[in-house]
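# Commentary on secondary and tertiary structure
Residues per chain, in single letters:
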Amino acid sequence: MRRIAIAAVASLTLAACGGSTSADADGDGEITMEEAAAKTADMVKPQPGKYRATVEFVDIEMPGAPQQVQDMMRGMFDQGPQTHEYCLTEEEAERGFEEMARQAREDDSNCSFEKFDADGGRIDAVMNCNTGGQGAARMTMQGTGDETSSQMTMTMDAEGPGGETMKMTMQSSQERIGDCDA
């Protein structure tokens, strides 16, 4: 699931201002990480600086799981908003999504986008990942962004190797709060 997080974080750090042409450059019905990265070439990049990121789990559903297991999972994730601060260097800001997609490929990622629309400060994407014998996941991402902030709602539908399913919804935001510490 690390590869899913890489792509989601990449989407969060970008302002989605690309054109409205299809990201499926070769027309095969699948949008690879490379095609999604190419689609972001004309997107507004985030400004370098210190950012505050907040992630909040909204809901977790585990159909068929015993109530005790469901309660345990909710307890693990329902910790309220989780906030952290980080520095986005000028080099990292310039690389944007393209660099993160490259890293996902290096991690031997088996993810592709079913949909990747980025236009006018909005992103609407659906990514599918198959983690080999560990299961599969489908993540929808919808949000907005500009050079200094972004907001995203992500819903992940995952299926384990034994057929068990889980649906998790989370919201995240990132906001530039100043310059990086010296």
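Criteria and cut-off values
Residues numbered from 1 in each chain as written. Predicted model: local features only at pLDDT ≥ 70, side-chain atom pairs only at ≥ 80, totals over all residues. Heavy atoms only, no water. pLDDT = per-residue confidence, 0-100. Helix = DSSP H or I, 4+ residues; strand = E, 2+ residues; numbered from the N terminus. Contact = heavy atoms within 4.5 Å. Disulfide = S-S within 2.5 Å. Pairing = 2+ DSSP bridges. Phe/Tyr/Trp six-rings, centres within 6.5 Å; stacked < 30°, edge-to-face > 60°. Buried < 20%, exposed > 50% of the residue type's maximum accessible area, 1.4 Å probe, protein only. Core = buried A, V, L, I, M, F, W, Y, C linked by side-chain atoms within 4.5 Å. Salt bridge = Lys/Arg side-chain N within 4 Å of Asp/Glu carboxyl O.

### Brief notes about the confidence of the model for the chain
Overall, the predicted model of the chain reaches an average pLDDT of 78, with 78% of residues at or above 70. At the low end of the mean pLDDT range in the chain sits helix α1 (residues 2-12), at 42; at the high end sits strand β8 (residues 165-178), at 93. Across residues 1-20 the pLDDT falls below 50, and counting only partners more than four positions away or on other chains, this stretch makes 78 contacts in the model.

### Section: the state of the cysteines
The full count for this structure, using the stated rule, is 2 disulfides. The disulfide partner of Cys 87 is Cys 180, and the S-S distance across this bridge is 1.9 Å. One disulfide, between Cys 87 and Cys 180, carries an S-S torsion of 95 degrees and so falls in the right-handed class. Here Cys 87, found in strand β3 (residues 82-88), pairs with Cys 180, found in the segment after β8; they are 93 residues apart in sequence, far enough to count as distant.

### What to know about the pairing of strand β5 (residues 122-130)
As judged from the 8 bridges shared by strand β4 (residues 111-119) and β5, these two strands associate in the antiparallel manner. Across the sheet, the residue bridging to Lys 115 is Val 126, located in β5. The hairpin turn running from β4 into β5, its antiparallel successor, is 2 residues long, and Gly 120 in that turn takes a positive phi close to 55 degrees. In terms of strand pairing, β5 meets strand β6 (residues 136-145) through 9 bridges, oriented antiparallel. Across the sheet, the residue bridging to Ala 125 is Met 141, located in β6. The loop that links β5 with its antiparallel partner β6 comprises 5 residues; one of these, Gly 132, has a positive phi angle of about 65 degrees.

### Some thoughts on the packing of aromatic side chains
Centre distance and the angle of the planes are the two values used to describe a pair of aromatic rings. All chains considered together, the criterion is met by 2 aromatic pairs. Geometrically, the ring pair formed by Tyr 51 and Tyr 86 is stacked, given 5.8 Å between the ring centres and 15 degrees between the ring planes. Of the two residues, Tyr 51 sits in strand β2 (residues 49-61) while Tyr 86 sits in strand β3, which places them 35 residues apart along the sequence. In this structure Tyr 86 comes out as partly exposed when scored by relative accessible area, which is 22%. Each ring, one from Phe 113 and one from Phe 116, has its centre 5.0 Å from the other, and the planes form 70 degrees; the classification is edge-to-face.

### Quick look at the nonpolar core
Counting residues in hydrophobic clusters, the biggest one holds 26 residues, and the most contacted among them are Phe 113, Phe 116, Met 127, Met 141 and Met 166. Put simply, the parts of the chain that give this core at least two residues each are α2 (33-39), β4, β5, β6, β7 (149-159) and β8.

### Considerations on the pattern of salt bridges
Enumeration over the complete set of coordinates arrives at 6 salt bridges. Here Glu 85 makes a salt bridge to Arg 52, at a shortest N to O gap of 3.1 Å. Of the two residues, Glu 85 is situated in strand β3 and Arg 52 in strand β2; the sequence distance between them amounts to 33 residues. Here Glu 85 falls in the partly exposed class, since its relative accessible area comes to 40%. Residue Arg 52 is classed as partly exposed on the basis of its relative accessible area of 32%. Overlapping salt bridges bring together Lys 50, Arg 52, Glu 85 and Asp 181 as one network.

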